[in-house]
Amino acid sequence: MRTEGQSSNVEDRRGMGRGGRSLVGGGLGMIILVVIGMFFGIDPRVLLGLAGTVETVQQQVAPQKIEGKQGPVSDQLGAFVSGVLLDTEKTWNTLFAQLGKNYQEPRLVIFDGATPTACGTGQAAMGPFYCPLDQRVYIDLAFYRQLQERFKAPGDFAQAYVIAHEVGHHVQNQLGIMQKMDEYRRRMSETQYNALSVRLELQADCLAGVWAHHAQNRQLLEAGDVEEAMRAASAIGDDTIQRRTQGRIVPDSFTHGTSEQRMRWFMTGMKSGQISACNTFEGNQI
Ligand SMILES: [Zn+2]
């Protein structure tokens, strides 16, 4: 895909060292991070183990303010990510205005290794994630190498889809959907909550598709781009990842949706271009 310009909401923390260790928020944020942070199906037990450590050791430490470099990013990949973010801002500013709402643009932090967030220490191993408590998307760009090599999903539009999915979580946050999820969590079994979490993730995929629709209208997409996003959505479905890592599928433990569901909801959003097409919480079948 082509991009035009860069977002003013990017913060570049690369090369700032691994200062994240002692700078952690509280327990609740960490749980949210575990739930929504695993864009790419990292074994939740790994993350939960990590969360446990972070919580016990550093629960009382307030997140320290850390500011990376603002302004245009000079390397190619960083500039691309910033350009994608800018385009999501155009889309969501317009669509929120149509709803009579004001879109508060998220910030995007590029980091390497580890960085403090209001949801606990962000680790590269988690994959890209969105922290609702500080309304930031976090990404270590090394992840894109993994996407290409481990998940066999190369291409710039696969990369753009990752950003658009995380921004989709921000849109959910702005629409109050995440807060509702948080209330439900307290009253539900793990299996029930996982089922709801799948719907949240598929909605973020659908919202990424909505953005893609408008990017296409702006003539930013190139031949093969949609296929790249589909390949990424397919490669990171829970069923595909579980088959690779466990050799079997356990649907109750799905938190992101199957490959088929993820591709289908992305396409649903892309065909329609409307938020209203993304009601993944309706109906028994998703
Ligand atoms: Zn997600």
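Read on for a plain summary of the structure. (Residues numbered from 1 in each chain as written. Predicted model: local features only at pLDDT ≥ 70, side-chain atom pairs only at ≥ 80, totals over all residues. Heavy atoms only, no water.)

**Regarding the state of the cysteines**
Counting across every chain of the model gives 2 disulfides. The disulfide partner of Cys119 is Cys131, and the gap between their sulfur atoms is 2.0 Å. Residues Cys119 and Cys131 share a disulfide whose torsion about the S-S bond is about 85°; that sign makes it right-handed. Separated by 12 residues along the polypeptide, Cys119 in the loop between strand E3 (114–117) and strand E4 (120–123) and Cys131 in strand E5 (residues 129–131) bring together distant segments of the chain. By the burial criterion, Cys119 is buried, and Cys131 matches it. (Disulfide = S-S within 2.5 Å. Helix = DSSP H or I, 4+ residues; strand = E, 2+ residues; numbered from the N terminus. Buried < 20%, exposed > 50% of the residue type's maximum accessible area, 1.4 Å probe, protein only.)

**As for the nonpolar core**
Ranked by internal contacts, the top residues of the largest apolar core, which has 58 residues, are Trp92, Leu108, Tyr144, Phe157, Trp211 and Phe266. At the level of elements, helix H3 (76–98), strand E2 (107–110), strand E6 (136–139), helix H4 (143–149), helix H5 (156–174), helix H7 (190–217), helix H8 (225–235) and helix H10 (259–272) are the ones that each hand at least two residues to this core. Leaving out residues up to four positions away in the same chain, Trp211 has contacts with Met1, Val84, Asp87, Thr88, Thr91, Trp92, Phe157, Ala160, Ala164 and Arg218. Core analysis: the second largest hydrophobic core is formed by 7 residues, Cys119, Met126, Phe129 and Tyr138 among them. (Core = buried A, V, L, I, M, F, W, Y, C linked by side-chain atoms within 4.5 Å. Contact = heavy atoms within 4.5 Å.)

**Section: the packing of helix H6 (residues 177–185) against H7**
Here H6 crosses H7 at 170°, and the two axes come no closer than 11 Å. In this view, H6 runs roughly antiparallel relative to H7, as classed from their interaxial angle. Residues Ile177, Met181, Tyr184 and Arg185 of H6 lie in contact with H7, whose contacting residues are Tyr193, Leu196, Ser197, Leu200 and Gln203. Taken together, the residues of the contact of H6 with H7 break down into 6 nonpolar, 2 polar and 1 charged. (Axes fitted to C-alpha atoms, helices over the stretch in contact; angles between N-to-C directions. Parallel < 35°, antiparallel > 145°, perpendicular 65-115°, else oblique. Nonpolar A, V, L, I, M, F, W, Y, C, P; charged D, E, K, R; others polar.)

**Quick word on the sheet that holds strand E1 (residues 10–12)**
Strand order in this open sheet of 4 strands is E1-E2-E6-E5, and the pairing throughout is mixed. Edge positions in the sheet fall to E1 and E5, since each of these pairs with one other strand and no more. Looking at each pair of strands side by side, their axes are set apart by 25° on average, direction ignored. Pairing analysis gives 4 bridges linking E2 to E6, with the strands arranged parallel. Residue Val109 lies in a different strand from E6, and its bridge partner there is Tyr138. Of the strands in this sheet, E2, E5 and E6 are in contact with H5, which crosses E5 at around 25°. (Pairing = 2+ DSSP bridges.)

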